[in-house]
Amino acid sequence: MLLRMSTLLLRTRREDPADAEVPSHRLLLRAGYIRRAAPGGYTWLPLGKLVLDRVTEVIRSEMLAIGDQEVHFPALLPAEPYRTSGRWTEYGDDIFTLADRRGADHLLAPTHEELAALLVKDLFTSYRDFPVTLFQVQTKFRDEARPRAGLLRGREFLMKDAYSFDLDEAGLQAAYDRHREAYRKVFDRLGLGYTVVHAMSGAMGGSASEEFLAAAEVGEDTYVGCTACDYAANTEAVTTPAPPAGDPDTQPATEVHDTPETPTIASLVDLANDRRLAGRADWTAADTLKNVVLTVRRPGAEPELLVIGLPGDREVDLKRVDAALAPATVAVFDGWADQPELVRGYIGPQVMAKLDIRYLVDPRVVPGTAWLTGANEPGRHATNVVCGRDFVPDGTIEAAEVRPGDPCPACGTGELTLRRGIEIGHIFQLGRRYTDAFAVDVLGPEGKPVRPTMGCYGIGVSRAVAAIAEQHHDERGLVWPAAVAPCDVHLVAAGKGPQLEAALDLGGRLAAAGLRVLVDDRTHVSAGVKFTDAELVGIPRTVVVGRRLADGYAELRDRATGERTELPMDGLVERLTADMRVV
């Protein structure tokens, strides 16, 4: 393949676009790989499409290597299967819906579990047909409220999604493990640094799930690692070690105190220590029980109140609450005028059962623990409010923010550290949610119906391109790994006469040898502009045909290391093709 910049659909930019927030967005636009077409939608220009295709091919080859079979589902889907599974309402505003001319509801596919289950039901009747795994590379759609960060958070994106079907849990685990290992190979080949973390399943359903997160400061996902073991988890999936429960009856009686002008936890703690409430002068925020009122909206249902109790030294993380209550969504309650029984700033758990308000607590709130909390009266708090005696929660919830230094829930000895990453892959053990929904049964070896169990395995293909750009760039531009670069060699003719002719001749010979070649044969720009564009575009190797052509030499530049080497023109084809074989 030989591309000539004089005719290539490529326009580089010197300045960062005003709306580009992250490095990958800025550089992919400036280097002419993508062009914004609409909010959350991008046109892939020739160089960008080459990168996208190379990433896709790496993914496809690893899926085929483990026996997955490629299919292609439609992107425009009828509503009925998603109503059957419940996800038509679960997805809420996150999906694009439309009606055809007959009034039938449709959606633009966010994912294809329903279609995969129906296809297997349609074609397979016997246990002998299993196991089977189907995959596709398909455009997906999500109605993002605020598309941002270029390819990292768009409304239309390319995904690889695979669906495994097995007859038992052992088969599902084997399929899950195969895909987990295949994903490692994919991301290693793409040159990505990543971490595999425990995750929540969300609207997908199922039990076990893990995310593959590419390390990046601009990543939207926060995850934790342990200083003493290999534990890693998305903060939404981090579990809190609970202290031992005690005997509530051994705690002192509750006392109510006047606590005027204590609008914050800090001011309450100061007052409690100054007045030695309950005979103590060592109160801390961790001894208080904060009660946060939220509004929960379940798909297709009326909003309801939820109160979460947690130690006062912690804030509620709404992303963790959303993950714990999915597919419901939550928001901070603001209808105080309609709920006068909830005394803002002085709410305690003692009245939740009477008010018939659901009350969930942090795992640290266990029977026998005593708290300083609201007395449900203006300007008053209570001490020795005991879990299991004065209130009984409806359950626990992981809602508190995760902090650096928190104890590791896996080993108990290490401390958690916080990092940021980009989700590039997610694997799930779905179980039978979808085969149950569609009654997918096959005849088993005993002559009785057997219901298959499913796994789901996704990779964000277009997002992976952005993640690679995030990890592989410098102040001058992109620095593509050889496995995904749009071309293998970038030839720069630093002159308009014999240099241009020599560059085109060399490019033809390299292309004939099987390399992908980009030749900068533009005659209306200076050599300096060509060098700047070469660094911006980021192809791994640049060959400059310039002033030493008369001596039979060209300069080879390595984009990643900056190394420059003068080599004889006669041996360049052999040298570059040999380098590519090593890569």
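Everything here concerns the structure above.
Remember, predicted model here, so these are calculated numbers, not experimental data.

A.B. asks: It is not clear to me how the pairing of strand β11 (residues 209-215) should be interpreted in this structure. Could you clarify?
C.D. replies: Sheet faces and side chains relate simply in a regular strand, where the side chains alternate between the two faces. Burial of β11 is extensive: six of the seven residues sit out of reach of the surface. Relative to β11, strand β10 (residues 194-198) runs antiparallel, the two sharing five bridges. Within the sheet, the bridge partner assigned to Thr195 lies in β11 and is Leu213. In the sheet, β11 pairs with strand β22 (residues 416-431) via seven bridges, with the strands oriented antiparallel. Bridging across to β22, Glu211 finds its partner in His426.

A.B. asks: I would appreciate a short explanation of the pattern of salt bridges in the present structure.
C.D. replies: Proximity of charged atoms lets side chains of opposite charge pair with each other. For the coordinates displayed, the defined rule picks out 45 salt bridges. Ionic pairing is found between Arg87 and Glu113, a salt bridge with its closest N-O pair at 2.8 Å. Taken together, the residues span a long stretch of sequence, with Arg87 in helix α4 (residues 87-90) and Glu113 in helix α5 (residues 113-123) at a distance of 26 residues. As far as the burial class goes, Arg87 and Glu113 line up, both buried. Note that Glu566 and Arg548 form a salt bridge whose closest N and O atoms lie 2.5 Å from each other.

A.B. asks: Quick question: what am I supposed to make of the pairing of strand β25 (residues 453-460) here?
C.D. replies: Counting buried positions along β25 yields eight of eight residues, so the element is predominantly enclosed. Every second residue of β25 is oriented toward a common face, with Thr453, Gly455, Tyr457 and Ile459 on one face and Met454, Cys456, Gly458 and Gly460 on the other, all of them buried. For strand β9 (residues 156-166) and β25, the ladder comprises eight bridges, and the chain directions are antiparallel. Paired with Tyr163 across the strands is Cys456, a residue of β25. Taken together, the six bridges between β22 and β25 define a ladder with antiparallel strand orientation. By the bridge assignment for β25, Gly431 is matched with Met454.

Reading the values: the criteria
Residues numbered from 1 in each chain as written. Predicted model: local features only at pLDDT ≥ 70, side-chain atom pairs only at ≥ 80, totals over all residues. Heavy atoms only, no water. Buried < 20%, exposed > 50% of the residue type's maximum accessible area, 1.4 Å probe, protein only. Helix = DSSP H or I, 4+ residues; strand = E, 2+ residues; numbered from the N terminus. Pairing = 2+ DSSP bridges. Salt bridge = Lys/Arg side-chain N within 4 Å of Asp/Glu carboxyl O.

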